[in-house]
Amino acid sequence: MIIRKHYYVSGRVQGVGFRYRSYYTANNLGLTGYAINLDDGRVELEVQGEEALVRDFLGLVEEGSFIHIDGIESYDMEVQDLEQKFYID
């Protein structure tokens, strides 16, 4: 089943390659969405794809050097049928 999740991720997630790791992880898993830095030090993400892959996504991103997730706010979203890639901003 295809799902879409919206995340606010806090911790050591800016200046440590979190967005780039998210990009490469999403592409390797065939997921779509985006990752952007927020002014308050968190990263905002939306991730869409097969449910099991979306659920594993943040754990795989956190395996990157220097990245440490302290908190995650998660929300279910409507699937965007036309979205075809994951991007970072």
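Note that the coordinates shown come from a computational prediction; the quantities given were computed from them, not determined experimentally.

About the criteria used
Residues numbered from 1 in each chain as written. Predicted model: local features only at pLDDT ≥ 70, side-chain atom pairs only at ≥ 80, totals over all residues. Heavy atoms only, no water. Helix = DSSP H or I, 4+ residues; strand = E, 2+ residues; numbered from the N terminus. Buried < 20%, exposed > 50% of the residue type's maximum accessible area, 1.4 Å probe, protein only. Phe/Tyr/Trp six-rings, centres within 6.5 Å; stacked < 30°, edge-to-face > 60°. Pairing = 2+ DSSP bridges. Axes fitted to C-alpha atoms, helices over the stretch in contact; angles between N-to-C directions. Contact = heavy atoms within 4.5 Å. Polar contact = N/O pair within 3.5 Å; in protein donor to acceptor, adjacent residues only side chain to side chain. Core = buried A, V, L, I, M, F, W, Y, C linked by side-chain atoms within 4.5 Å.

## Thoughts on unusual backbone geometry
Right, so step 1: Here the phi dihedral of Phe-66 falls at roughly 75°; this positive angle occurs in a residue that is not glycine.
Right, so step 2: On the secondary structure map, Phe-66 appears in the loop between helix H2 (51–62) and strand S4 (68–77).
Right, so step 3: Overall, Phe-66 belongs to the exposed group, its relative accessible area being 62%.

## A closer look at the packing of aromatic side chains
One pair of aromatic rings is described through two measures. These are the centre distance and the angle between the planes.
Right, so step 1: For the structure shown, the criterion picks out four aromatic pairs.
Right, so step 2: For the pair Tyr-23 and Tyr-24, a centre-to-centre distance of 5.1 Å together with 80° between the ring planes defines the contact as edge-to-face.
Right, so step 3: Overall, Tyr-23 belongs to the partly exposed group, its relative accessible area being 29%.

## Digging into the sheet that holds strand S3 (residues 43–50)
Right, so step 1: What the five strands build is an open sheet, ordered S4-S1-S3-S2-S5; its pairing is mixed. The outermost strands of the open sheet, each flanked by one partner alone, are S4 and strand S5 (86–88). Direction aside, the axes of adjacent strands within the sheet are offset by 20° on average.
Right, so step 2: Here strand S1 (residues 2–12) runs beside S3; their pairing, made up of eight bridges, is antiparallel. Considered in S3, the bridge of Tyr-7 is made with Leu-45.
Right, so step 3: On top of the sheet, helix H1 (residues 18–29) reaches S1, strand S2 (32–37), S3, S4 and S5; it is set at about 170° to S5, its chief contact.

## Comments concerning the side chain of Glu-46
Right, so step 1: Checked against the element boundaries, Glu-46 lands in strand S3.
Right, so step 2: The exposure class assigned to Glu-46 is buried, which follows from its relative accessible area of 8%.
Right, so step 3: Within the structure, the side chain of Glu-46 is placed 2.8 Å from the side chain of Arg-4, a separation counted as a polar contact.

## What about the pairing of S1?
Right, so step 1: Here S1 pairs with S4 via nine bridges, running antiparallel. Of the residues in S4, the one forming a bridge with Tyr-8 is Glu-73.

## A word on the nonpolar core
Right, so step 1: Val-9, Phe-18, Leu-45, Val-47, Phe-57 and Leu-58 are the most contacted members of the largest nonpolar core, which has 19 residues in total.
Right, so step 2: Elements that contribute at least two residues to this core include exactly S1, H1, S3 and H2.
Right, so step 3: In terms of residues, this core owes the most to one element, H2, which gives four residues.
Right, so step 4: With residues near it in sequence (within four places) discarded, Phe-57 still touches Ser-22, Thr-25, Ala-26, Leu-29, Leu-31, Leu-45, Val-47 and Phe-86.

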